[in-house]
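Descriptive structure summary
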Amino acid sequence: MKAIRSQTLLWVAQRASAAVLGACVVVHLATIIYAVRGGLSGAEILARTRGNGTWFAFYSLFVLAVTVHAPIGLRAVLIEWLGWRGRSRDVVLFAFAMLLGAMGMRAVFAVFA
Amino acid sequence: MRQGSSWWVALVHRLSGIALALFLPAHFWFLGHGLEMDSLLKWTEQPAVKVAEWGIVVLLAAHLGGGLRVLALEFLPWRDWQKSLAAVAAALTVGCGLALALAL
Amino acid sequence: MTPLRVRIWRGGVQGVFREYEVPRHESQTVLDVVTHVQRQLDPTLAYRYACRVGMCGSCAMTVNGRPRWTCRTHVDKVAQGGRLEVAPLRNLPVIRDLVADMREFFDKWARAKGQFRGSATRKDAFARISPASEQRRLADAAIECIGCGVCHAACDVVAWSPDYLGPAALNRAWTLFNDERDTAQAERLRAVAGDAGCHSCHTHMSCTDRCPKQLSPTAGIAGLKRATLKAALRGEL
């Protein structure tokens, strides 16, 4: 794939995941503020989240969007502020994406499954 | 000020993004404990942790505000008020920070 | 009026700021100050200007850290406590003193396919373009660029990534993208996409803030982002 085509598609993926995250973050922040105001304990939170299919799906989508968005965001920082212009940069970012995805899904299973 | 408001919002957007990207693995590690969460949740009751949690939420709100500004600039038809989006982003951040501060 | 103390960059990449004392006048511009130094104090000072009335953009320099047209910058607006600092434009090689090498600036213009390519000949009738059409209005909003280099100097992304085409080149590509007569659209979109092109713009809007013609390269670059998005999704990139 030509470089400009792949770079353009990275930008597209960044904006698309940003739109998804925009919605997810609003829901997430509202939920956190609600939980904090309600003074929910760990057990109380887990009682509401365990086995909940909707929340499981929602947070799985959240993790997927983050796995796309965070590494592409860091890519610009690594190029522009660290001057990292080689291919190794994208390899490291892909590994970071895999790490986020794995740890994220582990968390989703722990809380919602 | 030497730089325009868009420059500052873009800087906050980038710095908050970096901070959130570094925070996420720790966040996921913490949540991955599931059942054993109660003992870890006790740790989160320390005031320093509460302040840090508030800080993370503010960073998230700031990043969201800055991100909405970028999406508006890039996808909505261009109007002069597009330049004022920086103010909207900042307002969103402050609003969210206050909401959480009141809740905590 | 107390004399002005002005620090002026002397040298190339290596150099120093040398201080000169210049008499103050009413309605004095920074160009007046630099001209006084070269004519009365130090004839070895190298600098550029032409029209001196804010039409040509040749006198663009860095004044107290900001890129501006020195002929349109009044000393009382910028002198801080009777002091002033003048340097060459940022993000371009320095030939000598206040003179920047503009070649890369215009090379980027060419790399962004900033030249018109039509298909008509003198034997064909005139193209009929309505000035009120959406495309023409978009082109006209960006067409007044005179290539002064201020936006390119103001852009941090150019400073961080020297290969970045920059606001002026991309703005020009945008005006041609909106020119119905142009036949090089596919190549142009390929030229302005990717890391060296529009996708590296982070909407700092320093270009829009500093442009002496009040243009908004950010707006044009956003348009190019949308155009390259469509092309990429259609497999045309």
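Because the structure is a prediction, the values reported are computed rather than measured. (Residues numbered from 1 in each chain as written. Chains lettered and ligands numbered in written order. Predicted model: local features only at pLDDT ≥ 70, side-chain atom pairs only at ≥ 80, totals over all residues.)

On a plain count of helices and strands, chain B comes out with four helices and zero strands. Mapped from its N terminus to its C terminus, chain B presents α and β elements in the order α-α-α-α. Expressed as a percentage of the 104 residues in chain B, the buried residues total 31%. Considering only contacts in chain B between residues 6 or more positions apart, those separated by 24 or more positions represent 77%. (Helix = DSSP H or I, 4+ residues; strand = E, 2+ residues; numbered from the N terminus. Buried ≥ 20, exposed ≤ 12 C-beta atoms within 10 Å, placed from the backbone. Contact = placed C-beta atoms within 7 Å.)

The next thing to look at is the overall build of chain A. Counting its regular elements, chain A contains four helices and zero strands. Computed over its C-alpha atoms, the radius of gyration of chain A comes to 17 Å, more than 25% above the 13 Å expected for a compact globule of 113 residues. Classification of the 113 residues of chain A by burial places 26% in the buried group. Pairs at least 24 residues apart make up 84% of the contacts formed inside chain A by residues separated by at least 6 positions. (Rg over C-alpha atoms; globule rule 2.2 N^0.38 Å.)

Moving on: the interface of chain C and chain B. By a widely used convention, the size of an interface equals the accessible area lost when the partners come together. Contacts between chain C and chain B engage 13 residues on the former and 11 residues on the latter. Elements with a contribution of two residues or more to the side of chain C that touches chain B: α9 (206–210) and α10 (217–233) of chain C. The element best represented in the side of chain C that touches chain B is α10(C), accounting for five residues. Of the residues in the side of chain C that touches chain B, the class split is three nonpolar, six polar and four charged. (Nonpolar A, V, L, I, M, F, W, Y, C, P; charged D, E, K, R; others polar.)

All names here are of chain C. What the five strands build is an open sheet, ordered β2-β1-β5-β3-β4; its pairing is mixed. Each edge of the open sheet is held by one strand with a lone partner, namely β2 (15–22) and β4 (66–69). When the angles between neighbouring strand axes are averaged without regard to direction, this sheet yields 35°. Pairing of strand β3 (residues 60–63) with β4, which is carried by four bridges, proceeds in the antiparallel orientation. (Pairing = 2+ DSSP bridges. Axes fitted to C-alpha atoms, helices over the stretch in contact; angles between N-to-C directions.)

We now examine helix α8 (residues 185–192) of chain C. Residues and elements named next belong to chain C. Restricting attention to buried positions, one finds in α8 the residues Arg188, Leu189, Ala191 and Val192. In a view along the axis of α8, the buried residues occupy a sector of 160°, so they form one face of it. Away from its buried face, by an angle of more than 90 degrees, α8 presents the exposed residues Ala186 and Glu187. (Arc of directions from axis to C-beta.)

The next subject is the pairing of β2(C). As a general feature of sheets, a regular strand has side chains that alternate between the two faces. In the sheet, strand β1 (residues 4–11) of chain C pairs with β2(C) via eight bridges, with the strands oriented antiparallel. Its bridge partner being in β2(C), C:Val6 is matched across the sheet by C:Tyr20.

So, on to the packing of helix α1 (residues 3–37) of chain A against helix α3 (residues 47–75) of chain B. Helices that pack against each other are described as a pair by the angle of their axes relative to one another and the distance between those axes. Packing of α1(A) against α3(B) leaves a shortest axis separation of 10 Å and a crossing angle of 145°. Like other packed secondary-structure pairs, α1(A) and α3(B) cross with a definite hand, here left-handed. Residues A:Arg15, A:Ala18, A:Ala19, A:Gly22, A:Val25, A:Leu29 and A:Ile32 of α1(A) form the contact with α3(B), whose participating residues are B:Val57, B:Leu60, B:Leu64, B:Gly67, B:Leu68 and B:Leu71. Split into classes, the residues belonging to the contact of α1(A) with α3(B) amount to 10 nonpolar, two polar and one charged. (Left-handed = near helix turned anticlockwise from the far one by under 90°.)

To continue, consider the environment of C:Lys77. By the secondary structure assignment, C:Lys77 is in helix α2 (residues 75–78). Sequence separation between C:Lys77 and C:Gln28 is 49 residues, and the spatial gap between their C-alpha atoms is 10.0 Å.

Between chain A and chain B, the residue contacts involve 26 residues of the former and 26 residues of the latter. Contributing elements (two or more residues each) for the side of chain A that touches chain B: α1, α2 (42–49), α3 (53–80) and α4 (87–112) of chain A. Here the side of chain A that touches chain B gets 10 residues from one element, more than from any other, and that element is α1(A). Here the side of chain A that touches chain B is composed, by residue class, of 19 nonpolar, four polar and three charged.

Looking now at the environment of C:Thr44. Residue and element names in this part refer to chain C. Structurally, the position occupied by threonine 44 is in the loop between α1 (30–41) and β3. We classify threonine 44 as exposed; it has 8 C-beta atoms within 10 Å. For the pair threonine 44 and arginine 10, spaced 34 residues apart in sequence, the C-alpha separation works out to 9.5 Å.

Looking now at the packing of helix α7 (residues 167–177) of chain C against α10(C). All names here are of chain C. Their axes nearest at 8 Å, the elements α7 and α10 cross at an angle of 60°. Classified by the angle between their axes, α7 and α10 sit oblique to one another. As α7 runs across α10, the sense of the crossing is left-handed. On the side of α7, the interface is formed by Pro167, Ala168, Leu170, Asn171, Ala173, Trp174 and Phe177, while α10 contributes Pro217, Gly220, Ile221, Gly223, Leu224 and Ala227. Residues that form the contact of α7 with α10 fall into these classes: 10 nonpolar, three polar and no charged. (Parallel < 35°, antiparallel > 145°, perpendicular 65-115°, else oblique.)

Let's shift gears to the environment of C:Pro3. Residue and element names in this part refer to chain C. Within the secondary structure layout, proline 3 lies in the segment before β1. Judged by C-beta crowding, with 11 C-beta atoms within 10 Å, proline 3 ranks as exposed. C-alpha separation for the pair proline 3 and glutamate 26, spaced 23 residues apart in sequence, amounts to 12 Å. Those residues in contact with proline 3 that sit more than four places away from it in its chain are Glu21, Val22, Pro23 and Arg24.

Another aspect to go through is α4(A). The first and last C-alpha atoms of α4(A) sit 37 Å apart over 26 residues, in line with the 38 Å expected at 1.5 Å per residue. Among the residues of α4(A), A:Leu100, A:Met103, A:Gly104, A:Ala107, A:Val108, A:Ala110, A:Val111 and A:Phe112 are the ones counted as buried. For α4(A), the secondary structure elements touched by its buried residues are α2 and α3 of chain A together with α1 (5–31) of chain B. (Expected span 1.5 Å × (residues − 1).)

Right, let's talk about the nonpolar core for a bit. In this structure, C:Val33, C:Val86, C:Leu170, C:Ala173, C:Val192 and C:Leu224 are the most contacted members of the largest nonpolar core, which totals 79 residues. Summarising the domain contributions, this core has at least three residues from each of domain 1 (4–100) and domain 2 (103–233) of chain C. If we ignore the near neighbours within four places in the chain, the residues touching C:Ala173 are C:Ala112, C:Lys113, C:Gly114, C:Arg188, C:Val192 and C:Leu224. Core analysis: the next-biggest nonpolar cluster, separate from the first, contains 28 residues, A:Val25, A:Met103, A:Val108 and A:Phe112 among them. (Core = buried A, V, L, I, M, F, W, Y, C linked by C-beta atoms within 7 Å. Domains from an automatic or database assignment.)

The values are spatial; any link to function lies outside them.
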